[in-house]
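# Examination of the molecular architecture
Spelled out, the chains give:
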Amino acid sequence: KKFAFDRPEVQEYLLDACRMFLVEYRCDGLRFDSAHNMPDWLNKNVCNAIRKEFPKAALSAEVVPEDPKFLRGGVGFDAVWLHAPTFDLIDGVAGKHDHGEWVAKIRSMIRQRWFPDKAAATGINGLLGTHDQIGCRKNGGHGGDGRLRRFFQ
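Quick caveat, the model's predicted, so the values are computed rather than measured.

When helices and strands are tallied, the protein shows 6 helices and 4 strands. When the helices and strands of the protein are read in sequence order from the N terminus, they spell out α-β-α-β-β-α-α-α-β-α. Counting over 153 residues, the protein shows a buried share of 42%. For the protein, the accessible surface area stands at approximately 9400 Å², while carbon and sulfur atoms represent 57% of it.

Laid out in structure tokens, this is it:
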């Protein structure tokens, strides 16, 4: 089941949760996990409301697939979490790239090829992994021996 996002009390609950972190815990920003599972109009409304009350708060979003439409001028986040560089790093450490390709991938991670026109200001590279990669079945959560790992065994 999903939240009834269209209900005003659900929208207010989400805003109150944001306010709690920004006021009570004095956070300087928020990361919205799985923001792509909320309607764009709601993300936009939340971003606008939080930005109005807390103009200095940094708002970032995890969206899959990575999409610049979630940034300001679109949905309204300041930055988008980038997953792909983590998997580039895993592949490199595993020896899946020759030296030249590996160097190009590292440069690409630094330049953040996903949003080159806004690179450093709009993409967050999680090169050491997050909760999303530690158990990822696609490319890098479990070693062949069943142990959880990051990148190095």
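After that view of the structure, there is still more to cover.
It is worth spelling out the pattern of salt bridges at this point. Throughout the structure, instances matching the rule amount to 8 salt bridges. With its nearest N and O atoms 2.9 Å apart, the salt bridge here joins E12 to R19. One salt bridge connects R19 with E53, and the closest N-O pair in it is separated by 2.8 Å. Placement of R19 in helix α1 (residues 8-23) and of E53 in helix α2 (residues 40-53) is noted, with a sequence separation of 34 residues between them. Taken together, the shared-partner salt bridges in this structure form one network comprising E12, D16, R19 and E53.

Moving on to the packing of aromatic side chains. Inspection of every chain in the model, using the stated rule, returns 3 aromatic pairs. Each ring, one from F3 and one from F5, has its centre 5.7 Å from the other, and the planes form 45°; the classification is tilted. Over the ring of W81 we find R31, and its NZ or CZ is 4.9 Å from the ring centre.

Looking now at the pairing of strand β3 (residues 79-82). The two faces of β3 match: A79 and W81 on one face and V80 and L82 on the other face are all buried. Judged from the 3 bridges that link them, strand β2 (residues 58-62) and β3 form a sheet pairing that is parallel. By the bridge assignment for β3, E62 is matched with W81.

Looking now at the nonpolar core. The nonpolar side chains of a soluble globular protein tend to be buried, and buried together. F32, V46, I50, L59 and F77 are the most contacted members of the largest nonpolar core, which totals 25 residues. Those elements giving two or more residues to this core turn out to be α1, β1 (29-32), α2 and β2. Once you skip the residues sitting within four places of it in the chain, V46 turns out to touch L15, C18 and F32.

As defined by bridge partners, β1 adjoins β2 across 4 bridges and the pair is classed as parallel. The partner of R31 across the bridge, within β2, is S60.

All right, on to unusual backbone geometry then. Phi angles above zero are rare outside glycine, and R26 is one such case at about 55°. For R26, the location among the structural elements is in the loop between α1 and β1. For R26, a relative accessible area of 73% puts it in the exposed group. A positive phi angle is found at S34, which is not glycine, with a value near 55°.

Here we take up the packing of α1 against α2. The description of two packed helices rests on the angle between their axes and on the distance between the axes. Between α1 and α2, the least distance of the axes is 11 Å, while the angle of their chain directions is 40°. Between α1 and α2, the angle is such that the two are oblique. Along this stretch, α1 crosses α2, giving a crossing that reads as right-handed. Touching Q11, L14, L15, C18, R19 and L22 of α1 are W41, L42, V46, A49, I50 and E53, all from α2. Here the contact of α1 with α2 is built from residues that sort into 9 nonpolar, 1 polar and 2 charged.

Reading guide: rules and limits
- Residues numbered from 1 in each chain as written.
- Predicted model: local features only at pLDDT ≥ 70, side-chain atom pairs only at ≥ 80, totals over all residues.
- Heavy atoms only, no water.
- Helix = DSSP H or I, 4+ residues; strand = E, 2+ residues; numbered from the N terminus.
- Buried < 20%, exposed > 50% of the residue type's maximum accessible area, 1.4 Å probe, protein only.
- Areas by Shrake-Rupley, 256 points an atom, 1.4 Å probe, with all protein chains shown as cover.
- Salt bridge = Lys/Arg side-chain N within 4 Å of Asp/Glu carboxyl O.
- Phe/Tyr/Trp six-rings, centres within 6.5 Å; stacked < 30°, edge-to-face > 60°.
- Lys NZ or Arg CZ within 6 Å of the ring centre and 35° of its normal.
- Pairing = 2+ DSSP bridges.
- Core = buried A, V, L, I, M, F, W, Y, C linked by side-chain atoms within 4.5 Å.
- Contact = heavy atoms within 4.5 Å.
- Axes fitted to C-alpha atoms, helices over the stretch in contact; angles between N-to-C directions.
- Parallel < 35°, antiparallel > 145°, perpendicular 65-115°, else oblique.
- Left-handed = near helix turned anticlockwise from the far one by under 90°.
- Nonpolar A, V, L, I, M, F, W, Y, C, P; charged D, E, K, R; others polar.

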